[in-house]
Structure formats: C-alpha cells, structure tokens
Amino acid sequence: MADYDYDVLYLGCGHGTFDGAIPLAQSGKKVGVIESRLIGGTCPNRGCNAKITLDAPVKLTRAKERLEGIVNGDWSLDWGQMVAQKQAVIDPLPNMISGLLTGVGVQIITGRGELTDAHTIEVDGKPITADKLVIATGLRPNKLAIPGTELAHDSEDFMNLTTLPKRLAIVGSGYISMEFATMANAAGAAVTVLMHGDRALRQFHQPFVETVIDDLTKRGVTFVKNAEVSEFAQSGDAYTVTYGDGQSLTVDWILDATGRIPNVENIGLETVGVAFNEHGIEVNNHLQTSVANIYASGDVIDKQQPKLTPTAIFESVYLMQLFSGQTDQPIDYPAIPSTVFTSPRIAKVGESVETAEKKGDKVVTNQIKDDWYRQVDRQTLGASKLVFDADHKLIGATECSEEADNAIDTLLPAIEFGLDASQIGRIVHLFPTIAASAWEKL
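So, here's what we can say about the structure. In this text, all values refer to a predicted model and were calculated from it rather than measured experimentally.

On to the pairing of strand S11 (residues 231-235), then. Examined bridge by bridge, S11 and strand S12 (residues 238-243) share five bridges and lie antiparallel to one another. Bridge assignment links Gln 234 to a residue of S12, and that residue is Tyr 239. Counting the residues that bridge the hairpin from S11 to S12 gives two residues, and of these Gly 236 lies at a positive phi of roughly 70°.

Time to look at the environment of Asp 391. Mapped onto the fold, Asp 391 is located in the loop between strand S22 (383-388) and strand S23 (394-401). Taking C-alpha positions, Asp 391 is 50 Å from His 119, a pair spaced 272 residues apart along the chain.

What follows concerns the packing of helix H1 (residues 15-26) against helix H5 (residues 93-103). With their axes 8 Å apart at the nearest point, H1 and H5 run at an angle of 30° to one another. Considering their axes alone, H1 and H5 lie roughly parallel with respect to each other. Classified by chirality, the crossing of H5 by H1 is left-handed. Each of Phe 18, Ala 21 and Ile 22 in H1 lies in contact with H5, whose residues at this interface are Ile 97, Leu 100 and Leu 101. Tallied by class, residues from the contact of H1 with H5 come to six nonpolar, no polar and no charged.

For the rest of this paragraph, the subject is the nonpolar core. Core analysis: the biggest nonpolar cluster contains 48 residues, and Leu 9, Tyr 10, Leu 101 and Phe 323 have the highest contact counts within it. Discounting residues that sit within four places of it in the chain, Leu 101 has contacts with Cys 13, Phe 18, Ala 21, Ile 22, Ile 39, Val 106 and Ile 108. With 41 residues, the next largest nonpolar core counts Val 83, Ile 90, Val 191 and Leu 255 among its residues.

A few words on the packing of helix H3 (residues 48-66) against helix H7 (residues 175-186). Running from N to C, H3 and H7 point in directions that differ by 55°, and their axes come no closer than 10 Å. Classified by the angle between their axes, H3 and H7 sit oblique to one another. Crossing angle aside, the handedness with which H3 passes H7 is left-handed. Across from Lys 51, Leu 54, Asp 55, Val 58 and Arg 62 in H3, the residues of H7 making contact are Glu 179, Phe 180, Thr 182, Met 183 and Ala 186. Classifying every residue of the contact of H3 with H7 gives five nonpolar, one polar and four charged.

Here the focus is the sheet that holds S22. An order of S19-S20-S23-S22-S21 is seen for the five strands of this open sheet, with the pairing classed as antiparallel. Every other strand in the sheet has two partners, leaving strand S19 (338-340) and strand S21 (362-367) as the edge strands with one partner each. Between one strand and the next, the sheet's axes are offset by a mean angle of 10°, whatever the strand orientation. Bridge analysis of S22 against S23 gives six bridges, and the strand direction is antiparallel. Along S23, the bridge assignment pairs Phe 388 with Leu 394. Together, S19, strand S20 (345-350), S22 and S23 form the strand contacts of helix H12 (residues 404-416), whose direction differs from that of S23 by roughly 175°.

The topology assignment puts Glu 351 in the loop between S20 and helix H11 (353-359). Within the structure, the side chain of Glu 351 is placed 2.9 Å from the side chain of Lys 359, a separation counted as a polar contact. Setting aside anything within four residues of it in sequence, one finds Glu 351 in contact with Ala 356, Lys 359, Asp 361, Val 387, Ile 395, Gly 396 and Ala 397.

Moving on: helix H4 (residues 79-90). Here H4 is 12 residues long and its end C-alpha atoms lie 17 Å apart, about the 16 Å a rise of 1.5 Å per residue gives. Among the residues of H4, Trp 79, Met 82, Val 83, Lys 86 and Ile 90 are the ones counted as buried. The buried residues of H4 occupy one face: seen down the axis, they fall within an arc of 95°. On the buried face of H4, the contacting elements are helix H2 (42-46), H3, H5, helix H6 (155-159) and H7. With a side-chain oxygen lying 3.1 Å from the backbone nitrogen of Gly 80, the N-terminal cap of H4 falls on Asp 78.

Let's shift gears to the environment of Ala 200. Counting through the fold element by element, Ala 200 comes out in the loop between strand S9 (190-194) and helix H8 (206-218). As for Ala 200 and Tyr 175, which are separated by 25 residues in sequence, their C-alpha atoms are 8.9 Å apart. Sequence-distant contacts of Ala 200, that is, excluding residues within four places in its chain, are made with Ser 173, Met 178, Met 195, Gln 206, Val 209 and Ile 213.

Basis of the calculations
Residues numbered from 1 in each chain as written. Predicted model: local features only at pLDDT ≥ 70, side-chain atom pairs only at ≥ 80, totals over all residues. Heavy atoms only, no water. Pairing = 2+ DSSP bridges. Helix = DSSP H or I, 4+ residues; strand = E, 2+ residues; numbered from the N terminus. Axes fitted to C-alpha atoms, helices over the stretch in contact; angles between N-to-C directions. Parallel < 35°, antiparallel > 145°, perpendicular 65-115°, else oblique. Left-handed = near helix turned anticlockwise from the far one by under 90°. Contact = heavy atoms within 4.5 Å. Nonpolar A, V, L, I, M, F, W, Y, C, P; charged D, E, K, R; others polar. Core = buried A, V, L, I, M, F, W, Y, C linked by side-chain atoms within 4.5 Å. Buried < 20%, exposed > 50% of the residue type's maximum accessible area, 1.4 Å probe, protein only. Polar contact = N/O pair within 3.5 Å; in protein donor to acceptor, adjacent residues only side chain to side chain. Expected span 1.5 Å × (residues − 1). Arc of directions from axis to C-beta.

What follows is the structure, encoded as structure tokens:
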C-alpha cells in the first residue's frame, strides 16, 4: 500500500463522520477529519440540538394551556431567554466532540477541503492523502432564485435572533417552516406561512398535517397555499414579499425555509470523477462512490432513507465497521423514524398508511382522546394509525399527538425485529408511561 498520511480521511465533521471516526481510531486506524466550520456539523450547532431547546418551552406552555384551572397563572415565553438557553446548551458541544476525537488520536484539520485526486484532499493549499476518503459535507439551506433573495434569512439566522420580529414571513412548508412557525407564534409573533403548493409536510400523513395546520390557524398563523413567491424587497425597516398574482405582504423579517440542498459544489467531485446529482452523491450499497476508494456518509448522499441525524450516525458506524474489517456486507438500514416537532407533533416509521391502503394491509386507528393515559394532562388532539401485515405483525405506524415522537420510538422494536404476539407480550414497560400506553395498542 502506498505511504499515505492517513488510513481514512473525512471531509466534513458532522454525525456522518464523528460517530464512526472515533471507534475507527480506537481500532488502530490513523484517522483525520477536515472541517471548515464548527466541529459537529449542522445537528449539534445549528440544527437538532438548538431546535429542540427552543421547542421545550413551547411544549411546556401547551401542557399548561391544557391544564388551565389546575395550573394557574399568566405564562408567557421570553424569546431572548429562550435563545440564551439554546446557546448555553449548544456552545460546549464543538469542544466536547473535538475532545472525543482528539482523545482517541483523530487529527482535526481546520480549513476548506477540495479533492484533487482519488487519494488527496487539498486544505488551504496543502495536500493531505489517505488510503480511503469519506465525503460527509452534508446539506445547506436552499435560497430562492428570485429578486431580493439576499433579504431573506435561513434557519440558523432564525435560531440566533435575540429579538423576535413582530411580523414574520416563512416561505416553504416543510419541517423547518412548520416547526419555526410553531415556535414564533407561541412566542408572540404574527406568522404567515407561504406554501409552494397546497400541501405542507408532504412526507407525512396528510390528515395529521391538517390537524396541525388547523390548530396553528386557530392560534393565529396564516397559511397561504400555492403562494408562488416571486420577489422580496426592502422599504426602510420593513420588507415586502410579492406572491401570487401581484399580491404582497409586509413583514419585519423573512425566513426562506424552502428546503436544504447537498454540499457537492466546489469540493473537487468533478475533478476526481465522483458521480453526483441534484439530490447528492451517488453511492452503491457499501456507500462507495463511483471512485472505488472514495465513500460518502450522511445527508450529502442521494438516498431513499430519511436525511436525518440517526441515518447519518448509522452510516458512519457502518463505514467504521467496513474499514476496520468487522464487516464486508452491504449496509442494511433499519427502520428509521422521522418526526416534525410541532405541537402536536407528527411522527412515523415503516410502511405508510397510504401504501397500506393500496396494498390492502390492515390499518387500525386509535384516537388520542380515547386513551386514558393521555387524559392525565388532557390531551385530546390527534390519533395514531398502526399498520399490520397478514400475520398481524406491526410494519408501520404514524401518530399525531403531543407525545407522538416518544410513542413511535416505543414501537420501533416491534417493526424492526418483526415481533409476534408472544414476543410483544414478553416486553413489559414501566407503568404508567407513554411507552406502556403505546405498546398496549399492539
């Protein structure tokens, strides 16, 4: 083997890298990671961890609202303090992750990397070589290609706002749009969501999505379907969003939440012949690109699986096992759940209700208001739908409720391992808990 600087060199240091790079170094491999921004990537620094910290007070006020008359007093959200708490949670994370990496011998290389050949990444003019390269550059926010696009902000900007704008326009109706609309509305902003089409959260069960939209509408959020936003403009301290047939909306701040796109440009993919498309880097079932010794991990991959942190972690650990000789088998993805952190939440895993109805699989609906455990804190909004095969094994589940994320998490083993009735009966949860409540529906 040629004399390389590293056995494995990663470009990017998010969950698609560090979860596997740490045990890979512990296995005896010489590992390097290249990162131009904060160690940890999107999730710890400007994604999941930040978002859930901002969401926690919203969820608390929703519970107080349901328990009005039992829990009394005038509760309000202090946006500035919410953001301060968010920073207190996430600020230590890059150093913590860096410590985990360097503690096992991983070398962190700070700078912007670009592939120059199949074994070399150049960082600020310095070539660094490795036997195997892993591209884990993730996604970035999309920017609308319209006049005035520079006046709009992205999700990171929103979570760093120390003062919440009074009037907020959110363009898009995916995860980020719906979650941030929930937060901003709860904290007192007048929110307008400008939808590209006539459906929000297209990847989720639409009756559940409508439940969330109806609730947000009652709380004062305005939804504009088929908005066809065409221009942003500024007048003094205010901004105008032009949409539809010459219609306009005046606001104090604009959030462009029109999706996220893979970071595949200007990193040398064309130079070395790595195939990619608008959805990301193309890989085989070993996460190998069109160049034999170059692999990809995380959200930058073009794949059917959800582009989520747990997926990236699974891929990163798989590559560790592949590179350390623990496996030579193709990656075998487990059932991967997804959720949108609105209030109520929507979560899902496995076969969808829509697919089940087409195939003739059994769908069982459970109303949240009929579940005694949900009555403890007066939950009434939402339902769960469970999908069973011909042997009555659970193969899919989706829920809309304040505890949808936890309920779907509880059901994962039944789907992933194909548990039958006797095996399900062997699993005894703590009682009373949301896990016991969800499991008893099987």
